[in-house]
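# Observations on the model geometry
Residue strings, one per chain:
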Amino acid sequence: MNKTNFNFAGLQKPFNDYKRSLFTVIPVPYEKTTSFVRGTKKGPEAILRASQEIELYDYETKQNISEHGISTQKSITADSPEQIIKNTKTITEKVLYDNKIPVILGGEHTISIGPIFAAKNKYHNLSVLHFDAHLDMRNLFDNDKYSHACVMRRVREKVENTVHVGIRSLCEEEYEYAKVNNLPIFFEKKYKLDEIIRRLTRNVYVTIDLDVLDPSIMPSVGNPEPGGAGWYDILKIMRTVANKKNIIGFDIVELSPIKNIEHPNVTAAKLAYKIMNYIYSAKVKPTQQ
Ligand SMILES: [Mn+2]
């Protein structure tokens, strides 16, 4: 139950050894609050399964980072939001202090809170880059302050610098909160790369709710919204942020797999691998950019 059947990209020892890996994948199959579509608890397993199919050589960065090690951890589970926040915070703290980059796979968006709090404890000048169709800035939703609809509000209680990309759905309360706090929000596809970079601090944690992507390419999400970012939009932003900032960890959340529709699972897996490639290129071999 606690062990997923797959390692990321099917890597075996020595390539999935925690000690020698820069990246460590943490599956968090947590789902509690009500989304329109259920099933995010099956997200991590679907991403790991699909990751067996991706090409390990990345033609864009001209490298095969799997040879440098990507480890996969046991799944983190819990029965309450408080507990999942605590458990994911504990594991992320350990990973960060071991100087590794956590790659967290959800699960519903609530699972981002613990890792972000852990990151903030280590990096005081942390900023959070948030990709999402929804602002997730309600104070309460269904009387639950840890609902997926409140994630970024909880994050902002600890992290002052947040940047929001791809937003195309928010309520009036969120709109008012955003206005009062002068939040940098890039609606729909109207992002400005220079402006995103300018609003981020040096150390960046990235949280990607897959519903930021157009549902025509990413139908498998808990709360689908029409419109949205394309595959190359996200890659372009992530490539640039990896080059200009220090990405210290990231998560990919809200995949709610649809039976017999594999392409969204592969998209999520490849997105994780692409981001690892960008980070590796920027950090480890900057001269080859
Ligand atoms: Mn969302």
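Calculation criteria
- Residues numbered from 1 in each chain as written.
- Predicted model: local features only at pLDDT ≥ 70, side-chain atom pairs only at ≥ 80, totals over all residues.
- Pairing = 2+ DSSP bridges.
- Helix = DSSP H or I, 4+ residues; strand = E, 2+ residues; numbered from the N terminus.
- Axes fitted to C-alpha atoms, helices over the stretch in contact; angles between N-to-C directions.
- Contact = placed C-beta atoms within 7 Å.

### What about the sheet that holds strand β7 (residues 203–209)?
Two orientations exist for strands paired in a sheet by backbone hydrogen bonds: parallel and antiparallel. The eight strands lie next to each other as β2-β1-β3-β8-β7-β4-β5-β6, forming an open sheet whose pairing is parallel. In this open sheet, the two edge strands, each paired with only one partner strand, are β2 (70–72) and β6 (185–187). Sheet twist, expressed as the mean angle between neighbouring strand axes with direction ignored, is 15°. The pairing of strand β5 (residues 161–167) with β6 spans three bridges and is parallel. Bridging across to β6, His-164 finds its partner in Ile-185. Along the sheet, helix α3 (residues 113–122) makes contact with β3 (101–106), β4 (127–131), β7 and β8 (246–253), crossing β8 at roughly 170°. Packed on one face of the sheet, helix α8 (residues 263–284) meets β1 (23–28), β2, β3 and β8 and runs near 180° to β8.

### Points about the environment of Ala-242
As for its placement among the helices and strands, Ala-242 is situated in helix α7 (residues 231–244). In this structure, the C-alpha to C-alpha distance between Ala-242 and Thr-90, residues 152 residues apart in sequence, is 25 Å. With residues up to four places along the chain from it excluded, the contact list for Ala-242 reads Ile-247, Tyr-278, Ile-279 and Ala-282.

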